[in-house]
Protein chains: 2
Amino acid sequence: MKQKDTKQNILDAAEELFAVDGYHGTSLRTITKKAGVNLASVNYHFGSKEELVVEVLRRRLVPLNESRIKKLQKVLLDEKLLQQPVGVEAIMRSFIEPTLKFRDASPGAMSFLSLIGRALAEPDDTVRKKFASMMEPVFHLMLEGLVKALPGYPKEVLFWRLHFTIGATSHTLRCIDNVPMDKEGKMGTLSTEKLVAMLLPFVTAGMEAPL
Amino acid sequence: MKQKDTKQNILDAAEELFAVDGYHGTSLRTITKKAGVNLASVNYHFGSKEELVVEVLRRRLVPLNESRIKKLQKVLLDEKLLQQPVGVEAIMRSFIEPTLKFRDASPGAMSFLSLIGRALAEPDDTVRKKFASMMEPVFHLMLEGLVKALPGYPKEVLFWRLHFTIGATSHTLRCIDNVPMDKEGKMGTLSTEKLVAMLLPFVTAGMEAPL
DNA sequence: GTTTATTTTAAACACTTGTTTGAAAAATGC
DNA sequence: GCATTTTTCAAACAAGTGTTTAAAATAAAC
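Cut-offs applied
Within each chain, residue numbers correspond to sequence positions counted from 1 in written order. Following the order in which they are written, the chains are lettered starting with A and the ligands numbered starting with 1. Local features in a predicted model are, by the rule used here, given only for residues with pLDDT of at least 70; side-chain atom pairs are given and counted only at 80 or more, and totals for whole chains, interfaces and linings are based on all residues. Only hydrogens and water are set aside when side-chain values are computed; all heavy atoms of the structure are taken into account. Residues count as neighbours in contact if any of their non-hydrogen atoms are within 4.5 Å of one another. When two components associate, each loses some accessible surface as probed by a 1.4 Å sphere; the sum of these losses over both components is called the buried area. Salt bridges are defined as contacts in which a side-chain nitrogen from Lys or Arg sits within 4 Å of a carboxyl oxygen from Asp or Glu. Polar contacts here mean pairs of N or O atoms no more than 3.5 Å apart (in protein, one a potential hydrogen donor and the other a potential acceptor; neighbouring residues in sequence count only if both atoms are side-chain atoms). For helices the rule is a DSSP run of H or I covering at least 4 residues; for strands it is a run of E covering at least 2, with both sets numbered from the N terminus onward. Residues are grouped as follows: Ala, Val, Leu, Ile, Met, Phe, Trp, Tyr, Cys and Pro are nonpolar; Asp, Glu, Lys and Arg are charged; all remaining types, including Gly, are polar. Residues belong to one nonpolar core when they are buried, are Ala, Val, Leu, Ile, Met, Phe, Trp, Tyr or Cys, and are joined through side-chain atoms within 4.5 Å. When accessible area is computed with a 1.4 Å probe and restricted to protein chains, residues below 20% of their type maximum are described as buried, those above 50% as exposed, and intermediate ones as partly exposed. Side-chain rings of Phe, Tyr and Trp (the six-membered ring for Trp) are treated as a pair once their centres are within 6.5 Å; stacked means planes under 30 degrees apart, edge-to-face means over 60, and tilted covers the remaining angles. We count a charge as sitting over a ring when the NZ of a lysine or the CZ of an arginine lies within 6 Å of the ring centre and within 35 degrees of the ring normal. One number per residue, pLDDT, summarises how confident the predictor is, and it ranges from 0 to 100. Interaxial angle, 0 to 180 degrees, is taken between N-to-C directions of lines fitted to C-alpha atoms, where a helix line uses only the stretch in contact. Angle categories: roughly parallel below 35 degrees, roughly antiparallel above 145, roughly perpendicular from 65 to 115, and oblique for all the rest. Here a crossing is called left-handed whenever its near helix is offset anticlockwise from the far helix by less than a right angle, and right-handed whenever the offset is clockwise.

Enquirer: Would you mind going over the interface of chain B and chain A with me for this structure?
Expert: Buried accessible area, meaning the area lost when the parts come together, often serves as the stated size of an interface. Each partner contributes residues to the interface: chain B has 52 residues there, and chain A has 52 residues. For the pair chain B and chain A, the two sides together bury roughly 4,800 Å², of which 73% comes from carbon and sulfur. Run the count over chain B and chain A and you get 1 salt bridge. With a closest N to O distance of 4.0 Å, lysine 194 of chain B and glutamate 156 of chain A form a salt bridge. Our enumeration of links across chain B and chain A arrives at 0 residue pairs in polar contact (both at pLDDT 80 or more). Elements represented by at least two residues in the side of chain B that touches chain A include exactly helix H1 (3-21), helix H7 (125-149), helix H8 (155-174) and helix H9 (192-207) of chain B. When residues in the side of chain B that touches chain A are grouped by element, the largest group, 15 residues, is from H8 of chain B. For the side of chain B that touches chain A, the class distribution of residues is 28 nonpolar, 11 polar and 13 charged.

Okay, here's the thing in structure tokens:
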């Protein structure tokens, strides 16, 4: 049974190529050539290029979001039991840490992070909306937690600050291994821990900023 | 003399279309049709599609960055004369305020902001690098100011936090008029002032976060 | 082992892409 | 008003796109 291999190979190749050259910038011929399969197999197994990229996203994003939600629910529950106020940093950490830890998990994961960083910026409606719908439960739960953690802050403000957080994170993911913008050469790649150590205080302080 | 009109029409049409559908997603035929000019005129006046998008960026980004730098230099000079410590918020404001004020300046400016939000995420090396080189002086001057404003903070930390700021800002610009990610429908468009009022405290607090 | 069902393959399809061409048209210089 | 340069235009170009087709090869079912 070769089916599993073919599908997997296509997904792996597509993931890497989409991450580097974007959705529009990658052709099915490039993907199938890299995957070592026939051109027509993409349409046979996935239906179309669009359904392929959705599957590429889903394959990794669904488990990633599950681990994010799991961690987040644990944080919210723990603090409910302890009757302590919910910590903003703990909420933010439950989003950021699985994201960046994910990087070291599997070999293809790193290029996937560039891809999801790009997916938010994708002009294509179908792809972006599909991506947004996969992210929605996480976003919703975080906002819920933040409302409890920061009483007195209008929900609209927290909504926008969460929006900014996603912007900062996705931008970081997108250019995770080649940070431009520096005159004196690149800043070099950071380890996952160091990156968390950088990003987490930033978004936490931003979220807690006085009104 | 029709030349000016033709070039201008192409730039205007390209700006709007690139902003909505991205660089790869917009064809020269769509652009020239919208501009009401002949297909060949893009290659005649600009050389190629790539040189066109660079010109679209340059036309608005150069003056925008000039006003950013002007404002920034004034802030840095003022505080030098007054011998006060440089305020982080003033530095961040000199970046964000002109950006968002720019939105109300000219009719095409709004779609341009979506475009520069997208330019950072552009997979195309040429476009992204050109964009980065136009942004570099602003980035450099801001980092310089921040080093003075936050003594004791390692430059590397400030570099990354500035990086996060750009991520948050560009993400906001990109989906400035259709914020997804919300279950209960869109949050609606915000006025420029309100958007500054939201973004500025976030990035300022993030920049000043304890180490 | 034969018969289904599934998967792979090469070729072609219909279409779009950015770019080039050479002649017609318009503007400019004097 | 003529000559020259600049700009416009329709047409064609070569290359690349996602997708479909029908036959060949492989796997599964019984």
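Enquirer: Looking at this model, I keep getting lost on the nonpolar core. Mind explaining?
Expert: Note that soluble globular proteins tend to have their nonpolar side chains buried in a common cluster. Core analysis: the biggest nonpolar cluster contains 135 residues, and Ile31, Leu52 and Leu57 of chain A together with Ile31, Leu52 and Leu57 of chain B have the highest contact counts within it. Every residue in contact with leucine 57 of chain B, bar those within four places of it in the chain, is listed here: Phe112, Leu115, Ile116, Ala119, Val127, Phe131 and Met134 of chain B.

Enquirer: Please explain the pattern of salt bridges as it appears in this structure.
Expert: Where charged atoms from two side chains of opposite charge approach closely, those side chains can pair. Residues and elements named next belong to chain A. Summed over the entire model, instances satisfying the criterion amount to 17 salt bridges over all chains. One salt bridge connects lysine 71 with glutamate 97, and the closest N-O pair in it is separated by 2.8 Å. One end of the pair, lysine 71, is in helix H4 (residues 49-81); the other, glutamate 97, is in helix H5 (residues 88-105), and 26 residues separate them in sequence. The class for lysine 71 is partly exposed, based on a relative accessible area of 33%. A network of salt bridges, in which partner residues are shared, links Asp12, Glu15, Arg59 and Arg60.

Enquirer: What should I look at first to understand the packing of aromatic side chains in this one?
Expert: Remark: the centre distance and the inter-plane angle together describe each pair of aromatic rings, the angle taken between the planes. Counted by the stated rule, this structure contains 13 aromatic pairs over all chains. Aromatic pair phenylalanine 18 of chain A and tyrosine 23 of chain A: ring centres 5.6 Å apart, planes at 45°, arrangement tilted. For the residue pair phenylalanine 18 of chain A and tyrosine 23 of chain A, the accessibility class agrees, reading buried in each case. Here a set of aromatic residues connected by ring pairs shows up, and it is made of Phe139, Phe159, Trp160, Phe164 and Phe202 of chain A together with Phe139, Phe159, Trp160, Phe164 and Phe202 of chain B. Lying over the aromatic face of phenylalanine 46 of chain B, lysine 7 of chain B brings its terminal NZ or CZ to 5.6 Å of the ring centre. A cation over a ring is seen here: lysine 49 of chain B above tyrosine 23 of chain B, with NZ or CZ 4.6 Å from the ring centre.

Enquirer: Just checking my understanding: could you explain the side chain of asparagine 65 of chain A for this structure?
Expert: All names here are of chain A. As for its placement among the helices and strands, asparagine 65 is situated in helix H4. Given a relative accessible area of 5%, asparagine 65 falls into the buried group. Among the polar contacts listed, one links the side chain of asparagine 65 to the side chain of arginine 68, at a separation of 2.9 Å. Side-chain polar atoms of asparagine 65 contact the backbone oxygen of methionine 134, separated by 2.9 Å. Those residues within four positions of asparagine 65 in sequence are excluded, and the remaining contacts are Met134, Met135 and Val138.

Enquirer: Teacher, can you tell me more about the confidence of the model for chain A here?
Expert: Close inspection of predicted coordinates is inappropriate for parts of the model with low pLDDT. Looking at chain A, the pLDDT average stands at 87 and 91% of residues meet or exceed 70. The model gives residues 180-186 of chain A a pLDDT under 50, and that stretch makes 14 contacts with residues more than four places away or in other chains.

Enquirer: Help me understand the packing of helix H5 (residues 88-105) of chain B against H8 of chain B, please; the structure alone is not making it clear to me.
Expert: Relative placement of two packed helices is described by the angle separating their axes and the distance separating the axes. Residues and elements named next belong to chain B. Their axes nearest at 12 Å, the elements H5 and H8 cross at an angle of 10°. Taken as axis vectors, H5 and H8 run roughly parallel relative to one another. Both H5 and H8 take part in a crossing whose hand is right-handed. Contact with H5, carried on its side by Met92, Phe95, Ile96, Thr99 and Leu100, involves Thr165, Thr169 and Leu173 of H8 and no other residues of that element.

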